Structure formats: structure tokens, C-alpha cells
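In case you want the letters, here they are:
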Amino acid sequence: MVTSTPKSRVPRPLGPAASGTAVDLGIDFGTTRTVVARADRGNYPVVLFPDTYGDLKEYLPSLTALTDAGLVHGFAAAQAARDGAPYLRSLKRVLASPTVRAETPVRIGEQSLSVLEVLVSFLRHLHNELVASPQVGAQALKDPGTQIVAAVPAHAFSAQRLLTLEAFRLAGLGVTALLNEPSAAGFEFTHRRASEVTSNRTQVLVYDLGGGTFDTSVVRVDGTSHQVLDSRGLSDLGGDDVDLVLADLALKAAGLREEELAANELDALLDQCREVKEGLSPQTRRVLVELRGQDVVVPTQTLYEACRPLVNRSLEAMAPLVDLLDDGRPDLSEVAGVYLVGGGTRLPLVARTLRERFGRRVHRSPYPSASTAIGLAVAADRTGSYELVDRLSRGFGVFREQDCGYRTSFDPILLESSVLPGVKRKTPGAVAERTYLSAHNVGWFRLAECTAVNDLGEPCGEMAPYEEIVFPFDPGLRGLPDLRGVEVRRGEAGSGRPIKERYEVTSAGVVQVSLTDATDGYTRSYVLGKRTS
């Protein structure tokens, strides 16, 4: 069983007083596996779940299948899939889309469901499994003192963060805090390998290759205090892509094309490829895949060469962080370790490639699939003293009209380096404000998040647009239920009203917007472009 024993720590109450049944849990909803860890008197054991044979596993498959009885999840979904039921794999990749919303459809067989509906259903199954677990139990989940810390990829847009929080709430798993995944893995590193961090080596470079996403962060460590210096990520790179590469090699070796396989055959092949991948060791010379009764042999060297472009993509994403280290802010001599976490790092090529770059400083978590959950449990532990200062990890701004509407420019409001509020010490986070005199009767605000903002203040990478906001500058329009049909009229010079825009990032990494008419204090607040007050 995965467990973790701490070094010395200073106890400090961090949340509500614990009763006899309260627990502190870390829940990592992963692309292929969901892992839960709990704080237990200084240890952080992983919660065990029974599979369909009654054997205990240190994870719950992040799978959903559609049967005649409805949706089933976890091990039941895996069994249903083996029996031929249609199923959904990699729901987390759907959540990672820049355009995802609660109503975004996902298909399971012939049925279309919303992404929120599927996620809530899965998390309710997880809730029921935790109720039945002797390590947690119903009373613990009902206890108001129970603390649950969950995680999302560092590069996740606000929509994914809000959907995650809402789904957990609807499933009866109220989240106390939402952390970025590599930040949680940083906790697990310093908890497990505290001796690696010295006065001269205070930086940890986290390399998190999960089933469907890749994240990397530089974390500065000072005792139990962690400060994220920078983060990068890719929403379309993970262990799933290695499975696809191996499946393609097996098909070619068997003389088959993907189009010749039925949907259930392709799903079974991908599941088999994942199992083969997870069983690889540095000594493995070839892998065996069964395809339509035929044993297909793929040399590991062939697999590694085909996967090298995937690993190189992760290194390219890491490059800005490595440049930060090379430039002396800090330099490589101050790196305590390059920490490999996530199920995708089981591929021996990953550690080999990184050791070629960073040498002996590369360490792979002994529990790569559980590292994030353990780090989340460390963060949830009310008796612990770990602190975190994290960052937004993406840019945010508004497109504004210029030159009387003849051109549009991007106003970068918050940069990816913007600091998030502290969860435990309640330290303030980044706030940005804009003030001006209104020039029209209504204001249209076109907000968007982006992967990053370049040196020219322009958005780059993926864009996640918000729903457009229309705000009444003219007080006479405040009572209208919908301002979108109102004709925009320009007022006389100097006749506008003083307007204040305020942008604030929450500890969960969600940007909140408020617009205020400073003349009388009239205010409207928004999240993702939707009015909240």
C-alpha cells in the first residue's frame, strides 16, 4: 500500500477543529485513474478501492460506461467495457478544451450527455465508494470539519476549474481548496525527499506527465513554504498518446488498418496498450500485443523512437522554465531535483531523456500515479505547516476598441505570473483595476484567457473566450433584462460617467470581474462572463 511518513513538522491548526470523524483528503481526478489519499497522524496512505473481483486497488479507473441500467463508473465501467458496452475514456481531455462549458456534449455510444452530467455522475460514484471505505466512511464525509483538496492541471482555464468545483459540490464532496497538480506534487517531493532541499538547492522542477495532460512548474522551497515561480503545460499530451503510438505500431506489424477494427476492438487494443506501457521497465526489449488472436511483437526501441517526438514536445514546453534556471534566476546549481510524476513517466524513455539533460538530479516518484493525491493530502492536513504561493499560469485580458472603433487591441489585465491568494494564510492575490469615463450608453466587454501574453502585450497560444458582458453605462438602462439589443450610442465628450473595472483572481485560479459606476456605486459582478450579482 502506498503510504508516506513525514519528517519533523510544526503542528498548526489550519481549518475547522477536527471532530472524531473528520478526515483530510486529497483527491486527484486523473485522465485514466482517480487517486485519493488521506492524512493519518503524519502519514498519507492512499485509499484502497475494491475491483469487481474484490481485490483492493490504489485507484479508481476514471471510466464511464453506458449499460442498459444506465451509467456505471470505475471498475464496473471497465468490466462493462470488456463485455462490449460503449464507454468514455479521457473525460479530462474534454474538460481541458478552451471552449468547454457545463453543457458541452460528450457521446457514449449513441447517447449524448453534458460533460457536467457525466463528471457529476462519476464523482457521485467516487463519493459512494468513499462512504463504503473503512478508511473514510459516511460519518467522515458528513462531518463539517472534513477537508477535501482537489487539483486541476496548472494550465487549466477558468471553465475547467469552475466545472470541477461545481461537480464535486453536486456530488457531495465539498472542496476546501483547489490546487494546481504540479504544485501538489511539489509538496510530495519535499515531504518525501526533504533532505534534497538545502540552503544552496532550494528549487524543484516538477515534470508531471499524466494520462492526458502535461504540466511543469518551478517551485522555490523554504522549509515548508512553497512558492511557484512559473508553470507551463499542454492539454493534448499525455500517456494516452503513447497508447495511440503503440496501437499504431501493433496495427502496422499485424498488417491491419485502424478503419478495419470495430469500435470495441479499438478500445480493447488501447486498453491493452496502456497495460503494456505501464509494465515496461528499462530492461524490456520487446512488447507483445494480442490482436485478433495474433501475437504481435513490437521492439521497445521502435516504440521509443516513435514516442520521442512526444517527449520532445514536453521538453519544448519546459524550455522557458529551464531558460529561467539557466539565466541565474535561479541557476541549475540551485535545483534540488527534477521530479517526475504522473503515470506517463512510467515510460522509461522519459526518465532516460531527462537524465541526459539534467543528470543525477532527476528523481522519479516511487508512486508516480499517486504523487499528486499524496501532495493534496499534505496540503489538506490541518495539523501540517505547509504553505503555498501559486500563480495564475495563463494570461487574461479584454479586447478594446481603439480609434473610435476602427481597430481593436488586447489589454492584458493579468499575466500568467499573477499571484493567487494563499489558501491557508489567506494572503492576498493579484488584483487589477481600470478607471475611465464612459464614452457610450452601454459597454461591451470581450474577455478572454490565453496560454500566455508576449512581450508586446498580445495573447498567444490557446484562447478561451468568455461570454460577452454588456454593462449599462446609462443608468436608465439598468432595469432592462437584456442589453444586447440596445443600440450603442456615443455621448458628448466629457459627459461620461466614471467607471471602475476590477479583476481579481481567486485561490482556485478563477478570474472574477466587477464593473462599477463610481458615481453611485452601482456594481455588477461576473464569472466567465456570467453575472453573479
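Residues numbered from 1 in each chain as written. Predicted model: local features only at pLDDT ≥ 70, side-chain atom pairs only at ≥ 80, totals over all residues. Heavy atoms only, no water.

A few points about the overall build of the protein chain
Put simply, the rule is: Numbered from the N terminus, helices here are DSSP runs of H or I no shorter than four residues, and strands are runs of E no shorter than two. Atoms counted for the radius of gyration: C-alpha only. Globule rule: 2.2 Å times the number of residues to the power 0.38. Each residue gets one of three labels from its accessible area relative to the maximum for its type: buried under 20%, exposed over 50%, partly exposed in between, using a 1.4 Å probe on protein chains only. By the convention used here, residues are in contact when the closest approach between their heavy atoms is within 4.5 Å.
Counting its secondary structure elements, the protein chain contains 11 helices and 30 strands. Taking 24 Å as the expected radius of gyration for a compact globule of 533 residues, we find that the protein chain reaches 25 Å, a close match to that expectation. Overall size of the protein chain, expressed as C-alpha extent along the three principal axes, is 80 × 55 × 50 Å. When each of the 533 residues of the protein chain is scored for burial, the buried share is 54%. Put simply, 68% of the contacts in the protein chain that link residues at least 6 apart link residues at least 24 apart.

Some words on the environment of Ala379
Its place among the elements puts Ala379 in helix H11 (residues 371-380). When its relative accessible area of 9% is taken as the criterion, Ala379 is described as buried. Considering only alpha carbons, one finds Ala379 and Ile148, 231 residues apart in sequence, at a separation of 9.4 Å. When neighbours within four sequence positions are excluded, Ala379 is seen to be in contact with Val149, Leu179, Phe187 and Lys424.

A word on the environment of Gly30
The topology assignment puts Gly30 in the loop between strand E1 (24-29) and strand E2 (33-38). C-alpha of Gly30 to C-alpha of Ala351: the two residues are 321 residues apart in sequence and 21 Å apart in space. Setting aside residues up to four positions removed in sequence, Gly30 forms contacts with Ser62 and Lys92.

What to know about the pairing of strand E25 (residues 459-465)
Applicable threshold: The rule for pairing is simple: two strands pair if DSSP sees at least two bridges between them.
Relative to E25, strand E24 (residues 442-453) runs antiparallel, the two sharing 5 bridges. By the bridge assignment, Val453 is partnered in E25 with Pro459.

Some remarks on the domain arrangement of the protein chain
Using the following cut-off: Domains are outlined according to an automatic or database domain assignment.
For the protein chain, the domain assignment lists domain 1 (24-175), domain 2 (184-231 + 326-370), domain 3 (239-308) and domain 4 (395-527). The gap between the C-alpha centroids of domain 2 and domain 4 is 37 Å.

Considerations on the sheet that holds strand E7 (residues 70-73)
Across a sheet, paired strands are connected by hydrogen bonds in the backbone, their directions being either parallel or antiparallel. The condition that has to hold: Axes here mean lines fitted to C-alpha atoms, for a helix over just the part in contact, with angles spanning 0 to 180 degrees between N-to-C directions.
Read across the open sheet, the 3 strands follow the order E7-E6-E8; overall the sheet is antiparallel. On the outer flanks of this sheet lie E7 and strand E8 (87-88), each paired with one strand and no other. Pairing between strand E6 (residues 64-67) and E8: 2 bridges, direction antiparallel. Residue pairing across strands places Ala65 opposite Tyr87, the latter belonging to E8. Helix H1 (residues 74-82) rests against E6, E7 and E8 of the sheet, and its axis sits at about 110 degrees to E7.

Details of the layout of surface pockets
Selection rule: Grid spacing is 1 Å over the protein atoms alone, the probe is 1.4 Å, and a cavity is where that probe fits but cannot get out, while a pocket is an open set with protein on both sides within 12 Å along at least five of seven lines and lining residues have an atom within 4 Å of a point. Grid points are joined across faces, edges and corners, and a volume is the space filled by probe spheres set on the points.
Of the voids in this model, the largest pocket is the one considered here, and its volume is about 800 Å³. Forming the walls of the largest pocket are 33 residues, and the residues nearest its centre are Leu63, Ala78, Arg82, Asp271 and Arg274. A total of 10 residues in the lining of the largest pocket trace back to one element, the largest contributor, which is helix H8 (residues 263-278). For the lining of the largest pocket, the domains that each give at least three residues are domain 1 (24-175) and domain 3 (239-308).

Observations regarding the packing of aromatic side chains
Rules: Two aromatic rings, drawn from Phe, Tyr or Trp (for Trp, its six-membered ring), form a pair once their centres lie within 6.5 Å of each other, and the interplanar angle then sorts them: stacked below 30 degrees, edge-to-face above 60, tilted otherwise. Whether a charge lies above a ring is judged from NZ of Lys or CZ of Arg, which has to be within 6 Å of the ring centre and within 35 degrees of the ring normal.
This structure, assessed with the given rule, holds 11 aromatic pairs. Through a chain of ring-to-ring contacts, the aromatic side chains of Phe445, Phe471, Phe473 and Tyr522 assemble into a single cluster. Above the face of the Tyr59 ring, Arg33 is positioned so that its terminal group lies 4.0 Å from the ring centre. It is Arg357 that lies over the ring of Phe358; its NZ or CZ is 4.8 Å from the centre.

Overview of the sheet that holds strand E11 (residues 147-152)
Spatially, E5-E2-E1-E11-E12 is the arrangement adopted by the 5 strands of the open sheet, whose pairing is mixed. At either margin of the open sheet sits one strand with a lone partner, and together these are strand E5 (60-61) and strand E12 (177-180). Pairing geometry for E11 and E12, over 4 bridges, is parallel. Bridged to Val149 within E12 is Ala177. Packed on one face of the sheet, helix H5 (residues 158-170) meets E1, E11 and E12 and runs near 140 degrees to E12. Docked against the sheet, helix H6 (residues 181-192) engages E1, E11 and E12, running at close to 85 degrees with respect to E12.

Structural notes on unusual backbone geometry
A positive phi is found at Ser90, a non-glycine position, where the angle reads about 60 degrees. Structurally, Ser90 is set in the loop between E8 and helix H2 (91-95). A positive phi angle, near 55 degrees, is found at Arg292, a position not held by glycine. Tracing the backbone through its elements, the reader meets Arg292 in the loop between strand E16 (286-291) and strand E17 (294-299).

A look at the packing of helix H7 (residues 239-254) against H8
How we decide: Should an angle fall under 35 degrees it is taken as roughly parallel, and over 145 as roughly antiparallel, whereas 65 to 115 is taken as roughly perpendicular and any remaining angle as oblique. Classification convention: Asp, Glu, Lys, Arg as charged; Ala, Val, Leu, Ile, Met, Phe, Trp, Tyr, Cys, Pro as nonpolar; all other residues, Gly among them, as polar.
The geometry of H7 relative to H8 is characterised by a closest axis approach of 8 Å and an angle of 110 degrees between their N-to-C directions. Relative to H8, H7 is oriented roughly perpendicular. Residues Gly239, Val242, Asp243, Leu244, Leu246, Ala247 and Leu251 of H7 pack against Leu269, Leu270, Cys273, Arg274, Val276 and Lys277 of H8. For the contact of H7 with H8, the residue count by class is 9 nonpolar, 1 polar and 3 charged.

Description of H1
Buried within H1 we find Gly74, Phe75, Ala77, Ala78, Ala80 and Ala81. Just downstream of H1 lies Gly84, where phi reads positive at about 105 degrees.

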